[in-house]
Amino acid sequence: MNDEVRVRYAPSPTGYPHVGNIRTALFNWLFARHHGGSFIIRIEDTDVARTVEGAVEAILDGLRWMGIDWDEGPEVGGNYGPYVQSQRLAKYQAAAKRLIDQGDAYYCYCTTERLDEMRNEQTRLKQPPGYDRYCRDLSVPAGVLKWMSGLKRVVRFRTPFANKTTFHDIIRGDVTFENSTIDDFVILKSDGYPTYHLASVVDDHEMGITHVLRAEEWLSSTPRHLLMYKALGYKPPEFAHLPMLLGADRSKLSKRHGSVSIIEYKERGYLPEAMVNFLSLLGWSLDGKTELLTVKDIIKNFSLSRVNQTGAIFNIEKLDWMNGIYIRDLKVDDFSRRVIPFLEKGLPEEVIRPVSLEYVKKIAPLVQERVKKLNEISELTEFFFVDNLKYDSNILVVKKMTRDLTRKVLEASISELGELPVFSEESLETVLRPLADKLEVKTGQLFGTLRSAITGREVAPPLFQTMAVLGKERCVKRLQEALVLLDKVQDKLAEE
Ligand code: GLU
Ligand code: ZN
(Lines give C-alpha, C1' and ligand atoms only; values in the text may rest on other atoms or scores of the structure.)
(Ligands and ions follow the chains in the order given, each with its own letter.)
Protein backbone atom coordinates (compact mmCIF):
# COMPACT_ATOMS: atom_id res chain seq x y z
CA MET A 1 0.00 0.00 0.00
CA ASN A 2 2.88 2.32 0.77
CA ASP A 3 4.21 2.32 -2.74
CA GLU A 4 1.05 3.91 -4.07
CA VAL A 5 1.84 6.89 -6.28
CA ARG A 6 0.51 10.15 -4.83
CA VAL A 7 0.99 13.32 -6.83
CA ARG A 8 -0.38 16.79 -6.43
CA TYR A 9 -1.23 19.83 -8.48
CA ALA A 10 -0.72 22.87 -6.31
CA PRO A 11 -2.01 26.00 -8.04
CA SER A 12 -1.79 29.44 -6.52
CA PRO A 13 -5.10 31.22 -7.11
CA THR A 14 -3.49 34.39 -8.36
CA GLY A 15 -5.18 34.66 -11.75
CA TYR A 16 -6.71 32.79 -14.66
CA PRO A 17 -5.68 29.18 -15.29
CA HIS A 18 -2.64 29.48 -17.57
CA VAL A 19 -2.27 26.68 -20.12
CA GLY A 20 1.24 26.01 -18.81
CA ASN A 21 -0.22 25.40 -15.40
CA ILE A 22 -2.89 23.16 -16.80
CA ARG A 23 -0.22 21.19 -18.63
CA THR A 24 1.44 20.61 -15.23
CA ALA A 25 -1.89 19.43 -13.83
CA LEU A 26 -2.38 17.17 -16.83
CA PHE A 27 1.03 15.51 -16.51
CA ASN A 28 0.45 14.88 -12.81
CA TRP A 29 -2.95 13.42 -13.58
CA LEU A 30 -1.62 11.23 -16.40
CA PHE A 31 1.15 9.99 -14.14
CA ALA A 32 -1.31 9.15 -11.36
CA ARG A 33 -3.75 7.44 -13.70
CA HIS A 34 -0.99 5.48 -15.41
CA HIS A 35 0.21 4.13 -12.07
CA GLY A 36 -3.22 3.70 -10.54
CA GLY A 37 -2.27 6.26 -7.91
CA SER A 38 -3.94 9.34 -6.49
CA PHE A 39 -4.13 12.80 -7.97
CA ILE A 40 -4.51 15.50 -5.35
CA ILE A 41 -5.30 19.19 -5.70
CA ARG A 42 -3.97 21.57 -3.11
CA ILE A 43 -4.71 25.28 -3.22
CA GLU A 44 -1.64 27.35 -2.35
CA ASP A 45 -3.21 30.59 -1.24
CA THR A 46 -0.61 31.85 1.19
CA ASP A 47 0.17 34.99 -0.78
CA VAL A 48 -2.86 36.87 0.49
CA ALA A 49 -2.13 40.05 -1.46
CA ARG A 50 -1.99 38.22 -4.78
CA THR A 51 -5.00 35.99 -4.26
CA VAL A 52 -7.70 36.69 -6.84
CA GLU A 53 -11.34 36.02 -6.14
CA GLY A 54 -12.86 33.41 -8.40
CA ALA A 55 -9.48 32.03 -9.42
CA VAL A 56 -9.96 28.69 -7.67
CA GLU A 57 -13.27 28.14 -9.43
CA ALA A 58 -11.76 29.07 -12.77
CA ILE A 59 -8.92 26.59 -12.25
CA LEU A 60 -11.27 23.80 -11.22
CA ASP A 61 -13.61 24.59 -14.14
CA GLY A 62 -10.69 24.39 -16.52
CA LEU A 63 -9.69 21.00 -15.17
CA ARG A 64 -13.24 19.67 -15.22
CA TRP A 65 -13.65 20.82 -18.80
CA MET A 66 -10.52 18.88 -19.77
CA GLY A 67 -11.85 15.80 -18.04
CA ILE A 68 -9.18 15.89 -15.34
CA ASP A 69 -10.69 14.55 -12.13
CA TRP A 70 -9.10 14.56 -8.69
CA ASP A 71 -9.16 12.02 -5.91
CA GLU A 72 -8.56 14.44 -3.06
CA GLY A 73 -8.83 18.18 -2.82
CA PRO A 74 -11.39 20.96 -2.95
CA GLU A 75 -15.00 19.80 -3.24
CA VAL A 76 -14.13 16.11 -2.87
CA GLY A 77 -12.22 16.21 0.44
CA GLY A 78 -9.98 13.34 1.49
CA ASN A 79 -8.04 11.99 4.44
CA TYR A 80 -5.29 14.59 4.37
CA GLY A 81 -7.32 17.77 4.33
CA PRO A 82 -7.93 20.58 4.49
CA TYR A 83 -6.54 21.01 0.97
CA VAL A 84 -6.34 24.79 1.16
CA GLN A 85 -3.18 26.15 2.71
CA SER A 86 -4.79 29.13 4.41
CA GLN A 87 -6.68 26.58 6.50
CA ARG A 88 -3.51 24.81 7.61
CA LEU A 89 -1.55 27.68 9.16
CA ALA A 90 -1.06 25.96 12.54
CA LYS A 91 0.85 23.15 10.84
CA TYR A 92 3.34 25.52 9.24
CA GLN A 93 3.73 27.53 12.42
CA ALA A 94 4.46 24.35 14.37
CA ALA A 95 7.08 23.29 11.81
CA ALA A 96 8.71 26.72 11.95
CA LYS A 97 8.76 26.58 15.74
CA ARG A 98 10.39 23.19 15.65
CA LEU A 99 13.07 24.41 13.25
CA ILE A 100 13.77 27.36 15.54
CA ASP A 101 14.00 25.13 18.59
CA GLN A 102 16.41 22.85 16.77
CA GLY A 103 18.55 25.75 15.67
CA ASP A 104 17.67 25.30 11.98
CA ALA A 105 15.77 28.55 11.74
CA TYR A 106 15.81 31.90 13.46
CA TYR A 107 13.86 35.09 13.88
CA CYS A 108 14.83 38.02 11.74
CA TYR A 109 13.81 41.50 12.85
CA CYS A 110 15.19 43.42 9.91
CA THR A 111 12.97 46.27 8.81
CA THR A 112 11.97 46.81 5.20
CA GLU A 113 14.19 49.92 5.18
CA ARG A 114 17.20 47.91 6.25
CA LEU A 115 16.51 45.21 3.67
CA ASP A 116 16.06 47.82 0.93
CA GLU A 117 19.36 49.44 1.86
CA MET A 118 21.04 46.06 1.85
CA ARG A 119 19.68 45.32 -1.61
CA ASN A 120 20.79 48.68 -3.00
CA GLU A 121 24.23 48.13 -1.59
CA GLN A 122 24.40 44.68 -3.17
CA THR A 123 23.38 46.08 -6.54
CA ARG A 124 25.98 48.84 -6.23
CA LEU A 125 28.74 46.37 -5.42
CA LYS A 126 27.46 43.95 -8.05
CA GLN A 127 27.06 41.25 -5.42
CA PRO A 128 24.51 38.47 -5.79
CA PRO A 129 21.21 39.38 -4.13
CA GLY A 130 20.15 37.65 -0.94
CA TYR A 131 19.71 38.18 2.76
CA ASP A 132 23.01 39.10 4.46
CA ARG A 133 22.27 36.99 7.55
CA TYR A 134 22.30 40.00 9.81
CA CYS A 135 20.09 38.33 12.44
CA ARG A 136 21.50 34.84 12.09
CA ASP A 137 23.56 35.01 15.24
CA LEU A 138 21.45 37.40 17.21
CA SER A 139 21.35 36.25 20.84
CA VAL A 140 18.00 35.20 22.22
CA PRO A 141 17.84 38.04 24.78
CA ALA A 142 18.67 40.60 22.09
CA GLY A 143 15.90 39.18 19.96
CA VAL A 144 13.42 39.27 22.82
CA LEU A 145 14.24 42.93 23.37
CA LYS A 146 13.55 43.75 19.72
CA TRP A 147 10.32 41.81 19.86
CA MET A 148 9.25 43.66 23.02
CA SER A 149 10.01 46.98 21.38
CA GLY A 150 7.35 46.16 18.80
CA LEU A 151 9.52 45.15 15.84
CA LYS A 152 7.95 42.69 13.45
CA ARG A 153 9.76 39.45 12.79
CA VAL A 154 9.91 36.73 10.19
CA VAL A 155 11.41 33.27 10.48
CA ARG A 156 14.36 32.44 8.26
CA PHE A 157 15.91 29.10 7.50
CA ARG A 158 19.48 28.71 8.70
CA THR A 159 21.03 27.51 5.45
CA PRO A 160 24.34 25.76 6.01
CA PHE A 161 27.32 27.54 4.44
CA ALA A 162 29.21 24.39 3.66
CA ASN A 163 28.59 21.49 1.29
CA LYS A 164 26.35 21.03 -1.67
CA THR A 165 22.86 19.74 -2.14
CA THR A 166 22.54 17.14 -4.84
CA PHE A 167 19.42 15.39 -5.97
CA HIS A 168 18.29 13.21 -8.79
CA ASP A 169 15.64 14.78 -10.97
CA ILE A 170 13.73 12.14 -12.92
CA ILE A 171 13.79 14.27 -16.06
CA ARG A 172 17.03 16.20 -15.64
CA GLY A 173 19.27 13.68 -13.95
CA ASP A 174 21.61 14.72 -11.14
CA VAL A 175 21.41 18.36 -10.17
CA THR A 176 23.77 20.03 -7.72
CA PHE A 177 23.59 23.37 -5.96
CA GLU A 178 26.32 24.82 -3.70
CA ASN A 179 24.69 25.60 -0.37
CA SER A 180 26.71 28.79 -0.22
CA THR A 181 24.62 30.14 -3.10
CA ILE A 182 21.39 29.75 -1.15
CA ASP A 183 20.55 32.55 1.24
CA ASP A 184 18.70 32.32 4.54
CA PHE A 185 15.26 32.44 2.99
CA VAL A 186 12.07 33.37 4.82
CA ILE A 187 9.88 30.44 5.81
CA LEU A 188 7.29 32.22 7.94
CA LYS A 189 6.14 35.76 7.28
CA SER A 190 5.42 38.36 9.96
CA ASP A 191 1.66 37.82 9.55
CA GLY A 192 2.04 34.16 10.51
CA TYR A 193 1.59 32.89 6.95
CA PRO A 194 4.18 30.50 5.60
CA THR A 195 6.09 31.17 2.42
CA TYR A 196 5.71 28.78 -0.48
CA HIS A 197 8.85 26.90 0.54
CA LEU A 198 7.73 25.95 4.03
CA ALA A 199 4.12 25.25 3.10
CA SER A 200 5.13 23.13 0.15
CA VAL A 201 7.50 20.95 2.18
CA VAL A 202 5.15 20.52 5.13
CA ASP A 203 2.20 19.64 2.92
CA ASP A 204 4.01 17.36 0.54
CA HIS A 205 5.18 15.46 3.60
CA GLU A 206 1.87 15.47 5.44
CA MET A 207 -0.09 14.52 2.35
CA GLY A 208 2.20 11.62 1.58
CA ILE A 209 3.24 12.96 -1.81
CA THR A 210 5.58 10.50 -3.54
CA HIS A 211 6.44 12.48 -6.68
CA VAL A 212 6.59 16.21 -7.24
CA LEU A 213 6.04 16.99 -10.92
CA ARG A 214 6.20 20.71 -11.45
CA ALA A 215 7.37 23.40 -13.81
CA GLU A 216 11.05 23.94 -14.47
CA GLU A 217 10.96 27.37 -12.83
CA TRP A 218 10.84 25.61 -9.44
CA LEU A 219 14.05 23.68 -9.98
CA SER A 220 16.13 26.19 -8.05
CA SER A 221 13.73 25.97 -5.11
CA THR A 222 14.32 22.26 -4.77
CA PRO A 223 17.65 22.45 -2.87
CA ARG A 224 15.98 24.73 -0.33
CA HIS A 225 13.21 22.23 0.06
CA LEU A 226 15.64 19.35 0.45
CA LEU A 227 17.52 21.21 3.18
CA MET A 228 14.22 21.63 4.99
CA TYR A 229 13.26 17.98 4.51
CA LYS A 230 16.55 17.05 6.09
CA ALA A 231 16.18 19.46 9.01
CA LEU A 232 12.65 18.28 9.67
CA GLY A 233 13.62 14.63 9.39
CA TYR A 234 11.20 14.00 6.51
CA LYS A 235 11.84 11.64 3.63
CA PRO A 236 11.74 13.79 0.47
CA PRO A 237 9.58 12.84 -2.50
CA GLU A 238 11.06 12.29 -5.93
CA PHE A 239 11.25 15.32 -8.18
CA ALA A 240 10.61 15.82 -11.88
CA HIS A 241 10.80 19.30 -13.37
CA LEU A 242 8.78 19.63 -16.54
CA PRO A 243 10.14 21.54 -19.53
CA MET A 244 9.03 25.10 -20.00
CA LEU A 245 6.34 26.03 -22.52
CA LEU A 246 7.60 28.38 -25.21
CA GLY A 247 5.95 30.59 -27.80
CA ALA A 248 6.82 30.34 -31.49
CA ASP A 249 9.75 32.71 -30.91
CA ARG A 250 11.13 30.33 -28.25
CA SER A 251 10.62 32.74 -25.40
CA LYS A 252 8.57 31.73 -22.39
CA LEU A 253 4.91 31.38 -23.32
CA SER A 254 3.03 34.47 -22.21
CA LYS A 255 0.12 36.70 -23.12
CA ARG A 256 2.22 38.25 -25.84
CA HIS A 257 1.86 35.00 -27.76
CA GLY A 258 -1.95 35.02 -27.64
CA SER A 259 -4.41 33.36 -25.35
CA VAL A 260 -2.90 31.66 -22.35
CA SER A 261 -5.99 31.00 -20.27
CA ILE A 262 -7.52 27.57 -20.67
CA ILE A 263 -10.95 29.18 -20.36
CA GLU A 264 -10.30 31.17 -23.54
CA TYR A 265 -9.55 27.97 -25.41
CA LYS A 266 -12.82 26.54 -24.19
CA GLU A 267 -14.67 29.66 -25.27
CA ARG A 268 -13.09 29.70 -28.70
CA GLY A 269 -14.36 26.23 -29.37
CA TYR A 270 -11.44 23.92 -28.94
CA LEU A 271 -12.55 20.44 -27.95
CA PRO A 272 -11.31 19.27 -24.57
CA GLU A 273 -10.13 15.99 -26.07
CA ALA A 274 -8.05 17.88 -28.65
CA MET A 275 -6.66 20.07 -25.89
CA VAL A 276 -5.67 17.02 -23.82
CA ASN A 277 -4.00 15.45 -26.84
CA PHE A 278 -2.19 18.66 -27.74
CA LEU A 279 -1.03 19.53 -24.21
CA SER A 280 0.14 15.99 -23.53
CA LEU A 281 2.58 16.34 -26.42
CA LEU A 282 4.11 19.48 -24.97
CA GLY A 283 7.11 17.81 -23.45
CA TRP A 284 6.05 14.18 -23.69
CA SER A 285 5.83 11.95 -26.73
CA LEU A 286 4.82 8.39 -27.42
CA ASP A 287 7.47 7.70 -30.03
CA GLY A 288 8.49 11.09 -31.37
CA LYS A 289 6.05 10.94 -34.26
CA THR A 290 2.51 9.87 -33.30
CA GLU A 291 0.37 12.98 -33.05
CA LEU A 292 -3.17 11.73 -32.54
CA LEU A 293 -3.79 9.85 -29.35
CA THR A 294 -6.87 9.24 -27.28
CA VAL A 295 -6.65 10.03 -23.62
CA LYS A 296 -6.84 6.30 -22.92
CA ASP A 297 -3.76 5.69 -25.04
CA ILE A 298 -1.92 8.56 -23.42
CA ILE A 299 -2.63 7.23 -19.93
CA LYS A 300 -1.61 3.75 -20.96
CA ASN A 301 1.71 4.93 -22.35
CA PHE A 302 2.54 7.91 -20.19
CA SER A 303 6.01 7.80 -18.71
CA LEU A 304 8.37 10.40 -17.32
CA SER A 305 11.21 8.71 -19.15
CA ARG A 306 9.68 10.09 -22.34
CA VAL A 307 9.47 13.67 -21.08
CA ASN A 308 12.03 16.00 -22.65
CA GLN A 309 14.31 18.42 -20.91
CA THR A 310 14.09 21.03 -23.61
CA GLY A 311 11.33 23.60 -23.76
CA ALA A 312 8.18 22.66 -25.66
CA ILE A 313 6.80 25.00 -28.28
CA PHE A 314 3.13 25.83 -28.07
CA ASN A 315 2.27 25.75 -31.74
CA ILE A 316 -1.20 27.15 -32.25
CA GLU A 317 -1.39 26.04 -35.91
CA LYS A 318 -0.86 22.49 -34.77
CA LEU A 319 -3.59 22.85 -32.18
CA ASP A 320 -5.97 24.22 -34.83
CA TRP A 321 -5.15 21.36 -37.13
CA MET A 322 -5.70 18.82 -34.40
CA ASN A 323 -8.92 20.44 -33.31
CA GLY A 324 -10.23 20.31 -36.88
CA ILE A 325 -9.53 16.59 -36.96
CA TYR A 326 -11.29 15.98 -33.67
CA ILE A 327 -14.25 18.02 -34.85
CA ARG A 328 -14.55 16.10 -38.10
CA ASP A 329 -14.47 12.86 -36.14
CA LEU A 330 -17.46 13.78 -33.99
CA LYS A 331 -20.74 12.04 -34.66
CA VAL A 332 -23.26 14.49 -36.14
CA ASP A 333 -25.40 14.37 -33.01
CA ASP A 334 -22.47 15.06 -30.76
CA PHE A 335 -21.21 17.86 -32.98
CA SER A 336 -24.69 19.40 -33.03
CA ARG A 337 -25.02 19.30 -29.28
CA ARG A 338 -21.62 20.88 -28.80
CA VAL A 339 -22.19 23.78 -31.22
CA ILE A 340 -25.49 24.85 -29.69
CA PRO A 341 -23.94 26.99 -26.93
CA PHE A 342 -21.74 28.65 -29.55
CA LEU A 343 -24.73 29.35 -31.78
CA GLU A 344 -26.71 30.76 -28.91
CA LYS A 345 -23.83 33.02 -28.07
CA GLY A 346 -22.86 34.04 -31.59
CA LEU A 347 -26.05 34.33 -33.66
CA PRO A 348 -27.73 37.74 -33.96
CA GLU A 349 -30.22 38.64 -31.28
CA GLU A 350 -33.23 38.29 -33.58
CA VAL A 351 -32.72 34.52 -33.69
CA ILE A 352 -34.98 32.88 -31.13
CA ARG A 353 -33.36 30.91 -28.32
CA PRO A 354 -33.12 28.10 -27.50
CA VAL A 355 -31.81 27.01 -30.87
CA SER A 356 -33.47 23.77 -31.95
CA LEU A 357 -31.24 20.72 -31.76
CA GLU A 358 -33.27 18.98 -34.47
CA TYR A 359 -32.68 21.86 -36.86
CA VAL A 360 -28.97 22.05 -36.04
CA LYS A 361 -28.65 18.34 -36.76
CA LYS A 362 -29.82 19.03 -40.32
CA ILE A 363 -27.30 21.81 -40.83
CA ALA A 364 -24.41 20.07 -39.10
CA PRO A 365 -23.41 17.65 -41.89
CA LEU A 366 -23.17 20.58 -44.31
CA VAL A 367 -20.59 22.47 -42.28
CA GLN A 368 -18.88 20.08 -39.89
CA GLU A 369 -15.99 19.44 -42.30
CA ARG A 370 -15.19 23.11 -42.53
CA VAL A 371 -15.18 23.97 -38.86
CA LYS A 372 -11.80 24.21 -37.15
CA LYS A 373 -13.06 25.81 -33.96
CA LEU A 374 -16.61 25.58 -32.72
CA ASN A 375 -16.92 29.35 -32.40
CA GLU A 376 -16.80 29.64 -36.21
CA ILE A 377 -20.21 28.03 -36.39
CA SER A 378 -22.38 31.15 -36.12
CA GLU A 379 -20.64 32.98 -38.93
CA LEU A 380 -20.79 29.92 -41.16
CA THR A 381 -24.45 29.15 -40.59
CA GLU A 382 -26.07 32.47 -39.78
CA PHE A 383 -28.11 32.44 -43.01
CA PHE A 384 -29.84 29.27 -41.87
CA PHE A 385 -31.24 31.10 -38.85
CA VAL A 386 -32.04 34.71 -39.71
CA ASP A 387 -35.21 35.86 -41.45
CA ASN A 388 -33.74 38.75 -43.36
CA LEU A 389 -30.44 38.37 -45.11
CA LYS A 390 -28.18 41.37 -45.28
CA TYR A 391 -25.68 41.27 -48.07
CA ASP A 392 -24.09 43.30 -50.80
CA SER A 393 -26.61 43.11 -53.65
CA ASN A 394 -23.79 43.22 -56.21
CA ILE A 395 -23.04 39.56 -55.49
CA LEU A 396 -26.36 38.68 -57.16
CA VAL A 397 -24.91 39.31 -60.60
CA VAL A 398 -22.36 36.55 -60.73
CA LYS A 399 -19.54 36.04 -63.18
CA LYS A 400 -20.54 36.14 -66.85
CA MET A 401 -24.03 37.34 -66.02
CA THR A 402 -25.88 40.55 -66.64
CA ARG A 403 -28.53 42.12 -64.51
CA ASP A 404 -31.25 41.25 -66.99
CA LEU A 405 -30.17 37.68 -67.31
CA THR A 406 -30.02 37.44 -63.50
CA ARG A 407 -33.59 38.69 -63.33
CA LYS A 408 -34.66 36.10 -65.85
CA VAL A 409 -32.90 33.36 -63.88
CA LEU A 410 -34.48 34.44 -60.61
CA GLU A 411 -37.96 34.67 -62.07
CA ALA A 412 -37.73 31.30 -63.74
CA SER A 413 -36.39 29.72 -60.56
CA ILE A 414 -39.20 31.17 -58.49
CA SER A 415 -41.83 29.65 -60.71
CA GLU A 416 -40.09 26.27 -61.05
CA LEU A 417 -39.40 25.93 -57.33
CA GLY A 418 -42.85 27.15 -56.39
CA GLU A 419 -44.30 24.20 -58.28
CA LEU A 420 -42.13 21.56 -56.65
CA PRO A 421 -44.23 19.17 -54.58
CA VAL A 422 -41.23 17.73 -52.75
CA PHE A 423 -38.38 20.06 -51.85
CA SER A 424 -35.41 17.75 -51.45
CA GLU A 425 -31.84 17.61 -52.60
CA GLU A 426 -32.83 15.08 -55.31
CA SER A 427 -35.87 16.93 -56.60
CA LEU A 428 -33.91 20.19 -56.74
CA GLU A 429 -31.23 18.44 -58.73
CA THR A 430 -33.88 17.14 -61.16
CA VAL A 431 -35.42 20.50 -61.91
CA LEU A 432 -32.48 22.88 -61.69
CA ARG A 433 -30.09 21.23 -64.10
CA PRO A 434 -32.63 21.23 -66.98
CA LEU A 435 -33.59 24.77 -66.02
CA ALA A 436 -30.08 25.94 -66.82
CA ASP A 437 -30.39 24.44 -70.29
CA LYS A 438 -33.77 26.02 -70.79
CA LEU A 439 -32.43 29.44 -69.85
CA GLU A 440 -29.34 28.85 -71.95
CA VAL A 441 -26.98 29.57 -69.08
CA LYS A 442 -24.28 27.41 -67.59
CA THR A 443 -25.19 25.51 -64.44
CA GLY A 444 -22.46 27.49 -62.70
CA GLN A 445 -24.23 30.74 -63.59
CA LEU A 446 -27.57 29.49 -62.37
CA PHE A 447 -26.27 27.92 -59.19
CA GLY A 448 -24.11 30.93 -58.41
CA THR A 449 -27.08 33.23 -58.72
CA LEU A 450 -29.17 31.00 -56.51
CA ARG A 451 -26.38 30.68 -53.97
CA SER A 452 -26.03 34.45 -53.67
CA ALA A 453 -29.77 34.96 -53.35
CA ILE A 454 -30.38 32.15 -50.90
CA THR A 455 -27.36 32.41 -48.63
CA GLY A 456 -26.31 36.02 -49.14
CA ARG A 457 -22.78 34.90 -49.77
CA GLU A 458 -20.57 33.68 -52.57
CA VAL A 459 -19.11 30.76 -50.69
CA ALA A 460 -21.51 28.48 -48.88
CA PRO A 461 -22.17 24.83 -48.15
CA PRO A 462 -23.51 22.58 -50.97
CA LEU A 463 -26.41 24.40 -52.60
CA PHE A 464 -29.12 21.76 -52.98
CA GLN A 465 -28.66 20.46 -49.47
CA THR A 466 -28.70 23.98 -48.13
CA MET A 467 -31.91 24.75 -50.00
CA ALA A 468 -33.51 21.54 -48.80
CA VAL A 469 -32.75 22.42 -45.19
CA LEU A 470 -34.14 25.93 -45.62
CA GLY A 471 -37.31 24.64 -47.26
CA LYS A 472 -39.38 25.85 -50.16
CA GLU A 473 -41.05 28.77 -48.53
CA ARG A 474 -37.90 30.44 -47.30
CA CYS A 475 -36.04 29.79 -50.56
CA VAL A 476 -38.76 31.27 -52.71
CA LYS A 477 -39.05 34.26 -50.39
CA ARG A 478 -35.31 34.89 -50.62
CA LEU A 479 -35.42 34.72 -54.41
CA GLN A 480 -38.24 37.27 -54.43
CA GLU A 481 -36.26 39.53 -52.13
CA ALA A 482 -33.29 39.18 -54.44
CA LEU A 483 -35.43 40.42 -57.35
CA VAL A 484 -36.19 43.58 -55.40
CA LEU A 485 -32.52 44.05 -54.51
CA LEU A 486 -31.51 43.52 -58.09
CA ASP A 487 -33.00 46.87 -59.09
CA LYS A 488 -30.31 48.58 -57.03
CA VAL A 489 -27.53 46.83 -58.88
CA GLN A 490 -25.69 48.70 -61.60
CA ASP A 491 -25.94 46.84 -64.84
CA LYS A 492 -22.57 45.57 -65.75
CA LEU A 493 -21.18 42.82 -67.84
CA ALA A 494 -19.01 40.89 -65.49
CA GLU A 495 -15.54 40.65 -66.84
CA GLU A 496 -14.10 37.33 -67.92
N1 GLU B 1 1.99 27.07 -6.02
C2 GLU B 1 3.04 26.76 -6.92
C3 GLU B 1 2.60 27.21 -8.31
O4 GLU B 1 1.69 27.94 -8.42
C5 GLU B 1 3.32 25.28 -6.89
C6 GLU B 1 4.71 24.90 -7.24
C7 GLU B 1 4.92 23.46 -6.92
O8 GLU B 1 4.31 22.64 -7.60
O9 GLU B 1 5.65 23.15 -5.97
O10 GLU B 1 3.12 26.88 -9.32
ZN1 ZN C 1 17.38 40.14 9.96
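Not measured: the values here are computed from a predicted model. (Residues numbered from 1 in each chain as written. Chains lettered and ligands numbered in written order. Predicted model: local features only at pLDDT ≥ 70, side-chain atom pairs only at ≥ 80, totals over all residues. Heavy atoms only, no water.)

**Section: the overall build of the protein chain**
A tally of regular secondary structure across the protein chain gives 19 helices and 11 strands. Against the globule reference of 23 Å for 496 residues, the protein chain gives a C-alpha radius of gyration of 33 Å, more extended than a compact globule. Taken over the C-alpha atoms alone, the protein chain extends approximately 105 × 50 × 40 Å along its principal axes. Residue burial in the protein chain is summarised as follows: out of 496 residues, 51% are buried. When the accessible surface of the protein chain is split by element, carbon and sulfur atoms take 52% of a total near 24400 Å². One way to put it: in the protein chain the 68 positive side-chain charges average out to a point 4 Å from where the 70 negative ones average out. (Helix = DSSP H or I, 4+ residues; strand = E, 2+ residues; numbered from the N terminus. Rg over C-alpha atoms; globule rule 2.2 N^0.38 Å. Buried < 20%, exposed > 50% of the residue type's maximum accessible area, 1.4 Å probe, protein only. Areas by Shrake-Rupley, 256 points an atom, 1.4 Å probe, with all protein chains shown as cover. Lys, Arg positive; Asp, Glu negative; His and termini not counted. Charge placed at Lys NZ, Arg CZ, Asp CG, Glu CD.)

**Concerning the pairing of strand β1 (residues 6-9)**
The side-chain alternation of β1 yields two buried faces, one formed by Arg6 and Arg8 and the other by Val7 and Tyr9. Across 4 bridges, β1 lies against strand β2 (residues 38-41) in parallel orientation. Residue Val7 lies in a different strand from β2, and its bridge partner there is Phe39. With respect to chirality, the unit in which β1 leads through helix α1 (residues 19-35) into the neighbouring parallel β2 is right-handed. (Pairing = 2+ DSSP bridges. Right-handed = clockwise from strand over helix to strand, strands pointing away.)

**Description of the coordination of the zinc ion (ligand 2)**
Protein-derived ligands of the zinc ion (ligand 2) are Cys108 (SG), Cys110 (SG), Tyr131 (OH) and Cys135 (SG), with the metal-ligand distances lying across 2.0 to 2.3 Å. For the zinc ion (ligand 2), the 4 donor atoms in the first shell make angles of 103 to 122° at the metal, so the coordination geometry reads as tetrahedral. All donor residues of the zinc ion (ligand 2) come from one chain, and their arrangement in sequence is C-x1-C-x20-Y-x3-C. With Cys108 in strand β3 (residues 105-108) and Cys135 in the loop between α4 (112-124) and α5 (140-148), this pair connects stretches of sequence that are 27 residues apart. Cys135 shares its class with Cys108; the two are buried. (Donors = N, O, S within 2.8 Å, 3.2 Å for Na, K, Ca; no water. Tetrahedral: all angles 85-135°; square planar, octahedral: opposite > 155°, others 65-115°.)

**Quick notes on the site of ligand 1**
Within the structure, ligand 1 sits among Arg8, Ala10, Ser12, Glu44, Tyr196, Arg214 and Trp218. A distance of 2.8 Å is found between a nitrogen atom of ligand 1 and a backbone nitrogen or oxygen belonging to Ala10. Interatomic distance of 3.4 Å between a side-chain N/O atom of Trp218 and an oxygen atom of ligand 1. In isolation ligand 1 has 290 Å² of accessible area, and contact with the protein removes 87% of it. Taken together, the residues that form the shell around ligand 1 break down as 3 nonpolar, 1 polar and 3 charged. (Near = heavy atom within 4 Å. Polar contact = N/O pair within 3.5 Å; in protein donor to acceptor, adjacent residues only side chain to side chain. Nonpolar A, V, L, I, M, F, W, Y, C, P; charged D, E, K, R; others polar.)

**So, the sheet that holds strand β4 (residues 154-157)**
A sheet is described by the order of its strands in space; here 3 strands give the open sequence β3-β4-β7, paired in antiparallel fashion. The sheet terminates laterally at β3 and β7 (186-188), the two strands that pair on one side only. When strand polarity is set aside, the average angle formed by the axes of neighbouring strands in this sheet is 45°. Alignment of β3 against β4, held across 4 bridges, turns out to be antiparallel. Across the sheet, Tyr107 pairs through a bridge with Val155, a residue of β4. (Axes fitted to C-alpha atoms, helices over the stretch in contact; angles between N-to-C directions.)

**Brief notes about the pattern of salt bridges**
Scanning the entire structure with this criterion turns up 36 salt bridges. With its nearest N and O atoms 3.3 Å apart, the salt bridge here joins Asp116 to Arg119. Within this pair, Asp116 and its partner Arg119 are both found in helix α4, separated by 3 residues, close to a single helical turn. By relative accessible area, Arg119 is classed as partly exposed at 41%. One salt bridge connects Glu379 with Arg457, and the closest N-O pair in it is separated by 3.9 Å. Remark: Arg457 occurs in the loop between α17 (443-455) and α18 (463-470) and Glu379 occurs in helix α14 (residues 377-385); sequence separation between them is 78 residues. A relative accessible area of 53% means that Glu379 is categorised as exposed. (Salt bridge = Lys/Arg side-chain N within 4 Å of Asp/Glu carboxyl O.)

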